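# Structure assessment
These are the residues of each chain, in order.
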Amino acid sequence: QVQLVESGGGLVQPGGSLRLSCAASGISFRVYGLGWYRQAPGKQRELVASITSGGNTNYADSVKGRFTISRDNAKNTVYLQMNSLKPEDTAVYYCKASLGSVEYWGQGTQVTVSS
């Protein structure tokens, strides 16, 4: 059974930092591409950052220079370090593992940026 479990969300003040984690099980983690997505109320889910099996990264323009995606294949975990958080970063954050047409999603973790 495949599971992706996100953690690390919460309430943070503007300018603060959070690190999200997504632990995977049931897949050959190292061959999967990984991504972090977010969905704010009333908005479509959007890609935040992605990392290939080879370690190449890609970021949405809105988070470039503030967020960093990384992966630890030994721990079957992908991370999203979020710095200089803004109220507009408030959303439910999801991780996704993909290999070709196969996709697995986590259940999401809430990030709220507010004073």
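Values in this document were obtained by computation on a predicted structure and should not be read as measured data.

Trp36, Leu80, Met82 and Tyr93 are the most contacted members of the largest nonpolar core, which has 29 residues in total. Those elements that provide at least two residues to this core are strand S3 (18-25), strand S4 (33-39), strand S5 (46-51), strand S7 (67-72), strand S8 (77-82), strand S9 (91-99) and strand S11 (109-113). For leucine 80, the contacting residues outside a window of four places in its chain are Leu18, Arg19, Leu20, Trp36, Val48, Ala49, Phe67, Thr68, Ile69 and Tyr93.

The next subject is unusual backbone geometry. At asparagine 76, a residue that is not glycine, the phi angle is positive and equals roughly 55 degrees. Tracing the backbone through its elements, the reader meets asparagine 76 in the loop between S7 and S8. Owing to a relative accessible area of 25%, asparagine 76 belongs among the partly exposed residues under this scheme. Although it is not a glycine, serine 84 adopts a positive phi angle of roughly 50 degrees.

Its location among the elements puts glutamate 6 in strand S1 (residues 3-7). Here glutamate 6 occupies a buried position and makes no salt bridge, while the nearest side chain of opposite charge, arginine 45, is found at 7.5 Å. Here cysteine 95 takes part through its backbone nitrogen, which lies 2.8 Å from a polar atom of the side chain of glutamate 6. In this structure the side chain of glutamate 6 is engaged in a polar contact, spanning 2.9 Å, whose partner is the backbone nitrogen of glycine 108.

Of the two faces of S7, only the one carrying Phe67, Ile69 and Arg71 is buried; Thr68, Ser70 and Asp72 on the other face are not. Between S7 and the antiparallel strand that follows it, S8, lie 4 residues; asparagine 76 among them carries a positive phi value of about 55 degrees.

Further remarks concern the environment of tyrosine 79. Tracing the sequence through the fold places tyrosine 79 in strand S8. Each C-alpha atom of the pair tyrosine 79 and valine 48 lies 12 Å from the other, and the pair is 31 residues apart in sequence. Leave out the neighbours within four places in its chain, and tyrosine 79 touches Arg19, Leu20, Ser21, Trp36, Thr68, Ile69, Ser70 and Asp72.

This part takes up the state of the cysteines. Inspection of the entire model under this criterion finds 1 disulfide. Covalent S-S linkage joins cysteine 22 and cysteine 95, the inter-sulfur distance amounting to 1.9 Å. Handedness of the cysteine 22-cysteine 95 disulfide follows from its S-S torsion of about 45 degrees: it is right-handed. Here cysteine 22, found in strand S3, pairs with cysteine 95, found in strand S9; they are 73 residues apart in sequence, far enough to count as distant. The buried category is assigned to cysteine 22, whose relative accessible area is 2%. In this structure cysteine 95 comes out as buried when scored by relative accessible area, which is 1%.

The rules we used
- Residues numbered from 1 in each chain as written.
- Predicted model: local features only at pLDDT ≥ 70, side-chain atom pairs only at ≥ 80, totals over all residues.
- Heavy atoms only, no water.
- Core = buried A, V, L, I, M, F, W, Y, C linked by side-chain atoms within 4.5 Å.
- Buried < 20%, exposed > 50% of the residue type's maximum accessible area, 1.4 Å probe, protein only.
- Helix = DSSP H or I, 4+ residues; strand = E, 2+ residues; numbered from the N terminus.
- Contact = heavy atoms within 4.5 Å.
- Lys, Arg positive; Asp, Glu negative; His and termini not counted.
- Salt bridge = Lys/Arg side-chain N within 4 Å of Asp/Glu carboxyl O.
- Polar contact = N/O pair within 3.5 Å; in protein donor to acceptor, adjacent residues only side chain to side chain.
- Pairing = 2+ DSSP bridges.
- Disulfide = S-S within 2.5 Å.

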